[in-house]
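The lines below spell out each chain.
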Amino acid sequence: MSASELPADHAELMDGVYRWQRHIYDLTRKYYLLGRDQMIVGLDVPANGRVLELGCGTGRNIALAARRYPDARLYGLDISAEMLETASKAIGRDGLSGRAVLARGDATDFDAKTLFGVERFDRIFVSYSLSMIPGWEKTVSAALAALAPGGSLHVVDFGQQEGLPNWFRTLLRGWLKKFHVTPRESLREVLESESRRTGASFRFRALYRGYAWLAVVKIAHSYLPLDGGGRAEGAGGQAPRPGATRRPSPSRGG
């Protein structure tokens, strides 16, 4: 999707939200965007791996990933031109211009080959962005479609604060709404469903009593889509008996 084809309403909204906030974003968000560093540590990027962040914002996470994985090639996508301006300056300041490529695009519908000259990535991560993206479910599907065999999608975002007092949840939701942020109640279910659809494994953790959710979807090294009979197309072996359902990949609670 080219810049001229971006959803204008959302692009303008994000530019409006971050036109001034981008200058203090990293100073303030470190106090409540919890779990980001933990997610980056868990990327476990292979040698010379390609890493894409959807909703890269100020470039803070890309810079951190670059330091932790010194031979990784890094890519960042964001719909906000304002945020990309800040990210570009940060990447240049950190000496990462030769390793990191940024592009403006819609995380729900992007053409990686056109934007970056790359079709598949070893790791894709989304940090506190799904809660701001209209039609965020499409971002999950688009990310999985852009993964290389054996690649993985890593997501950290606001949870449902299930282990925290109701008054805290109410205050947090009211405050987040001012920034057009809506914690996604069905995030875990959507990721599990997409894992089953693609034959991927799924891991999930609730952090800080549900304040944040951290999930990993890892696709197989060779993926064959399921046929109408419930087995992999072209795969040998016996198909499941009529009426049988596939068990979802085991998930790990927090």
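Residues numbered from 1 in each chain as written. Predicted model: local features only at pLDDT ≥ 70, side-chain atom pairs only at ≥ 80, totals over all residues. Heavy atoms only, no water.

Participant: For the overall build of the protein chain, give the residues involved together with the corresponding values.
Facilitator: A tally of regular secondary structure across the protein chain gives nine helices and seven strands. Looking at the 254 residues of the protein chain, the share that counts as buried comes to 48%. Of the contacts formed within the protein chain by residues at least 6 apart in sequence, a portion of 73% connects residues at least 24 apart. Element-wise, carbon and sulfur atoms account for 52% of the exposed surface of the protein chain, whose accessible area totals about 12,800 Å². (Helix = DSSP H or I, 4+ residues; strand = E, 2+ residues; numbered from the N terminus. Buried < 20%, exposed > 50% of the residue type's maximum accessible area, 1.4 Å probe, protein only. Contact = heavy atoms within 4.5 Å. Areas by Shrake-Rupley, 256 points an atom, 1.4 Å probe, with all protein chains shown as cover.)

Participant: Let's hear about helix H4 (residues 60-68): which residues, and what values?
Facilitator: Three or four residues apart is the spacing at which side chains of an α-helix point the same way, because the helix has 3.6 residues per turn. Of the residues making up H4, those classed as buried are Asn61, Ile62, Ala63, Ala65 and Ala66. Residues of H4 that are buried in the fold lie against helix H3 (36-41), strand S1 (50-54), strand S2 (73-78), helix H5 (81-93), strand S3 (100-104) and strand S4 (121-127).

Participant: An account of the sheet that holds S4 is needed here, citing residue identities and associated values.
Facilitator: In space, the seven strands of this open sheet follow the order S3-S2-S1-S4-S5-S7-S6, with mixed pairing throughout. Across the chains shown, the open sheet's two edge strands, defined by having one partner strand only, are S3 and strand S6 (201-207). For this sheet, the mean inter-axis angle between neighbouring strands, taken without regard to orientation, is 15°. Where H4 meets the sheet, it contacts S1, S2, S3 and S4, and its direction lies at approximately 170° from that of S2. (Pairing = 2+ DSSP bridges. Axes fitted to C-alpha atoms, helices over the stretch in contact; angles between N-to-C directions.)

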